[in-house]
Amino acid sequence: EPEVTQTPSHQVTQMGQEVILRCVPISNHLYFYWYRQILGQKVEFLVSFYNNEISEKSEIFDDQFSVERPDGSNFTLKIRSTKLEDSAMYFCASEDAPRRDTQYFGPGTRLTVL
Amino acid sequence: KQEVTQIPAALSVPEGENLVLNCSFTDSAIYNLQWFRQDPGKGLTSLLLIQSSQREQTSGRLNASLDKSSGRSTLYIAASQPGDSATYLCAVRPLWGGKLIFGQGTELSVKP
């Protein structure tokens, strides 16, 4: 069964550094999402992406964040200057169109900012 | 603003027991509701998805119901097993847009 993959599984970085989290969505899916889950808290929506542009973003997704689909398979989340409070599990999800019913989630990247 | 709440936060039951997990949401204008399972340190696995026009969905020992007018959903697990131990999340999708809004989850422990 096709699945969403994410790399790395765990990333440790120093505060102020840039990080790029990578996702390979299910092929032929056209809608892509990033969510995050701070330890002990709810899963929170960050951003959705369709047709090479952001379709929706949350208040969390400020200028420090950006997303990109650099080629036909990868979907990336970049955090320009990490803060301690960016430490969280980051999940990528993808969804096919036009059904748009079930979002399929990747295993997540645990980001630790020191 | 849509808020999703799950009760209880944690539940411990002996193996074989039937159990119900609850999810409530404040805005009934939803497109669908989805139940997920999350194992510790892992991703989210979709269990059941109920469209706003549906009342329930079943998969094996799992049954999810939806009462949109009252803003409630339940996940019924029959004959629980230790392998069911995980955190169960419900998430609603608003009528407009694609994002999911999650509850905080119910941590289930099934004791042998």
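Going by the structure above, here's the rest.
For clarity, every value in this text was computed on a predicted model and none was experimentally measured.

**Student:** Sorry if this is basic, but what is going on with the overall build of chain B here?
**Tutor:** Across its full length, chain B holds 0 helices and 11 strands. Its helices and strands taken in sequence order, chain B reads β-β-β-β-β-β-β-β-β-β-β from the N to the C terminus. Its C-alpha atoms give chain B a radius of gyration of 13 Å, within 12% of the compact-globule value 13 Å for 112 residues. Projected onto its principal axes, the C-alpha coordinates of chain B cover approximately 45 × 30 × 20 Å.

**Student:** Explanation requested: the environment of Pro-94 of chain B in the structure shown.
**Tutor:** Residue and element names in this part refer to chain B. Residue position: Pro-94 is located in strand S9 (residues 86–94). Of the residues examined, Pro-94 reaches a relative accessible area of 17% and is grouped as buried. Put simply, Pro-94 and Ile-30 are 64 residues apart on the chain and 4.3 Å apart in space, counted from C-alpha to C-alpha. If we skip the residues at most four places from it in the chain, Pro-94 touches Ala-29, Ile-30, Tyr-31, Lys-99 and Ile-101.

**Student:** Looking at this model, I keep getting lost on the state of the cysteines. Mind explaining?
**Tutor:** Note on terminology: disulfide describes a covalent bond linking the sulfur atoms of two cysteines. All names here are of chain A. Evaluated as defined, the whole model comprises 2 disulfides over all chains. What pairs with Cys-23 in a disulfide is Cys-92, and their sulfur atoms sit 1.9 Å apart. One disulfide, between Cys-23 and Cys-92, carries an S-S torsion of -60° and so falls in the left-handed class. Taken together, the positions of Cys-23 in strand S3 (residues 19–24) and Cys-92 in strand S9 (residues 88–95) put the pair 69 residues apart, joining distant regions of the chain. Each of the two residues, Cys-23 as well as Cys-92, counts as buried.

**Student:** How do you make sense of the nonpolar core when you look at a structure like this?
**Tutor:** Side chains of nonpolar character tend, in soluble globular proteins, to be buried together. Counting 23 residues, the largest nonpolar core has Leu-33, Trp-35 and Leu-75 of chain B as its most contacted members. Elements represented by at least two residues in this core include exactly strand S3 (19–25), strand S4 (30–38), strand S5 (44–51), strand S7 (62–67), strand S8 (72–77), S9 and strand S11 (106–111) of chain B. Once residues lying within four places of it in the same chain are set aside, the contact partners of Leu-75 of chain B are Leu-19, Val-20, Leu-21, Trp-35, Leu-47, Leu-48, Leu-62, Asn-63, Ala-64 and Tyr-88 of chain B. With 22 residues, the next largest nonpolar core counts Phe-61, Val-67, Leu-77 and Leu-111 of chain A among its residues.

**Student:** Honestly, the interface of chain A and chain B in this entry has me stumped. Any pointers?
**Tutor:** By a widely used convention, the size of an interface equals the accessible area lost when the partners come together. Contacts between the two partners involve 19 residues from chain A, matched on the other side by 23 residues from chain B. Between chain A and chain B, roughly 1600 Å² of surface is buried when both sides are summed, and carbon and sulfur atoms account for 48% of that area. Taken as a group, Lys-42, Asp-101 and Phe-105 of chain A account for 33% of the area that chain A buries against chain B, more than any other trio of residues on that side. Summed over the shared surface of chain A and chain B, the result is 2 salt bridges. For Glu-56 of chain A, the salt bridge identified is with Lys-99 of chain B, shortest N-O distance 3.8 Å. Listed by contribution, the elements that provide at least two residues to the side of chain A that touches chain B are strand S4 (31–37), strand S5 (43–50) and S9 of chain A. For the side of chain A that touches chain B, the per-class residue count stands at 8 nonpolar, 4 polar and 7 charged.

Procedures and definitions
Residues numbered from 1 in each chain as written. Chains lettered and ligands numbered in written order. Predicted model: local features only at pLDDT ≥ 70, side-chain atom pairs only at ≥ 80, totals over all residues. Heavy atoms only, no water. Helix = DSSP H or I, 4+ residues; strand = E, 2+ residues; numbered from the N terminus. Rg over C-alpha atoms; globule rule 2.2 N^0.38 Å. Buried < 20%, exposed > 50% of the residue type's maximum accessible area, 1.4 Å probe, protein only. Contact = heavy atoms within 4.5 Å. Disulfide = S-S within 2.5 Å. Core = buried A, V, L, I, M, F, W, Y, C linked by side-chain atoms within 4.5 Å. Buried area = accessible area lost by both parts, 1.4 Å probe. Salt bridge = Lys/Arg side-chain N within 4 Å of Asp/Glu carboxyl O. Nonpolar A, V, L, I, M, F, W, Y, C, P; charged D, E, K, R; others polar.

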